[in-house]
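Fold and contact review
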Amino acid sequence: MLVMSEIVKKCVLVVLVLCWSNAFSQNAEVDKVLLRSGEAYFGEVLLRNDELVMIKTQDGARFQFPVSEIKSIEKVTVADALRHINSEKVNNAVGNEQLSGMLEIAGAVGLAKNKFDAAPLGQISLSFGRRMLADKTLFIGIGTGIMSFIRPSGSEPFSFIPVFFRIKNNFSTQPNSPFFLFDGGYSFAAGKEHSGGLYTRISAGIQHSFSAKTTVFVGVFSSYQAFSSQLIETVDSQPFSYYGNAVAMNFGINAGILF
């Protein structure tokens, strides 16, 4: 009985220590950075000046925000932080989405068999969609723009207006992260001399997040543009002209901003 009594006392002591430890950890304080958008970040403020604030979250990720985007900075208990985070997780389970826009410019070299050899290509596009998932690593939207091949003086204009579905995914919540982008859709011809066709593009690169809303990115891409036009083919050293289907394969670099 004496041995059992000692065992019970030790068990009670362990339970009390655990309870006190949990109580103290719950009452410990962390920094809370509340943005004007309503988003909140919890952790340790590493840098704070008249222009920006940088915070390090518990998982080691670092975020920096312009002072103009910050509503308040305060100390809160770990318990309050956990309650807020758990509440956000419930909202995310229902559907965490944020309306965003993306402006992009691109430059490339295009090759189209039986139409032209290497030709410079310029493109600008604007898309709108939603950032999805809990950490908003996925952008899904639709967009349009204009792409023009720069051809020798006197050649027919060769431009298209693509309308596409866009998916952009970044592989990390860190400020610097690699990304993958895919476009798929149809391009309408911007002139009467040719007609449009299917349009696809794949891009990869790196992005930098200035804030929870603003991200810039640069990358490389390859795109496929189908079209119909007057073509020239050489058979037995004799060129002849015909109207038919062709494909332009384009390779270049792109840059943009997600806002």
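Before reading on, note that the structure itself is shown above.
As the structure is a prediction and not an experimental result, all values here were calculated from the model.

Let's shift gears to empty space enclosed by the protein. What the rule picks out here adds up to one cavity of 30 Å³ or more. At four residues, strand β4 (residues 62-66) tops the list of elements feeding residues into the lining of the largest cavity. Broken down by class, the residue content of the lining of the largest cavity amounts to five nonpolar, three polar and one charged.

A few words on the nonpolar core. If you look at the biggest cluster of nonpolar residues, it comprises 17 residues, and the most contacted ones within it are F116, M147, F149, F158, F160 and F227. For this core, the elements supplying multiple residues, two or more each, are β6 (97-112), β7 (116-132), β8 (138-149), β9 (158-170), β13 (215-235) and β14 (238-258). The residues contacting M147, other than those within four sequence positions of it, are L121, G122, Q123, F158, S159, F160, P162, S187, Y199, Q225 and N250. Judged by nonpolar contacts, the second largest core, of ten residues, contains V33, L35, V53 and F63.

In this section: the sheet that holds strand β5 (residues 70-77). Reading across the sheet, the five strands line up as β4-β3-β2-β1-β5 and stay open at both edges, with antiparallel pairing between neighbours. Looking at the sheet topology across the chains shown, the edges are occupied by β4 and β5. Averaged over all neighbouring strand pairs, the angle between strand axes comes to 45 degrees, with direction disregarded. Note: strand β2 (residues 40-48) against strand β3 (residues 52-57), five bridges, orientation antiparallel. Pairing of L47 across the sheet is with M54, part of β3.

Another point: the packing of aromatic side chains. Taken as a whole, this structure holds 13 aromatic pairs when the rule is applied. Pairing Y41 with F65 gives two aromatic rings, centres 4.9 Å apart and planes at 50 degrees, and the pair type is tilted. Of the two residues, Y41 is situated in strand β2 and F65 in strand β4; the sequence distance between them amounts to 24 residues. For the pair Y41 and F65, one class covers both residues: buried. Site record: aromatic cluster; members linked through ring pairs are F116, F149, F158, F160 and F227. A cation sits over an aromatic face here: R151 above F158, 5.9 Å from the ring centre. Its end group placed over the ring of F221, R201 keeps NZ or CZ at 5.0 Å from the ring centre.

Reading guide: rules and limits
Residues numbered from 1 in each chain as written. Predicted model: local features only at pLDDT ≥ 70, side-chain atom pairs only at ≥ 80, totals over all residues. Heavy atoms only, no water. 1 Å grid on protein atoms, 1.4 Å probe; cavity = no way out; pocket = protein on both sides within 12 Å on 5 of 7 lines; lining within 4 Å. Points joined across faces, edges and corners; volume = space filled by probe spheres on them. Helix = DSSP H or I, 4+ residues; strand = E, 2+ residues; numbered from the N terminus. Nonpolar A, V, L, I, M, F, W, Y, C, P; charged D, E, K, R; others polar. Core = buried A, V, L, I, M, F, W, Y, C linked by side-chain atoms within 4.5 Å. Buried < 20%, exposed > 50% of the residue type's maximum accessible area, 1.4 Å probe, protein only. Contact = heavy atoms within 4.5 Å. Pairing = 2+ DSSP bridges. Axes fitted to C-alpha atoms, helices over the stretch in contact; angles between N-to-C directions. Phe/Tyr/Trp six-rings, centres within 6.5 Å; stacked < 30°, edge-to-face > 60°. Lys NZ or Arg CZ within 6 Å of the ring centre and 35° of its normal.

Keep in mind these values describe shape, not function.
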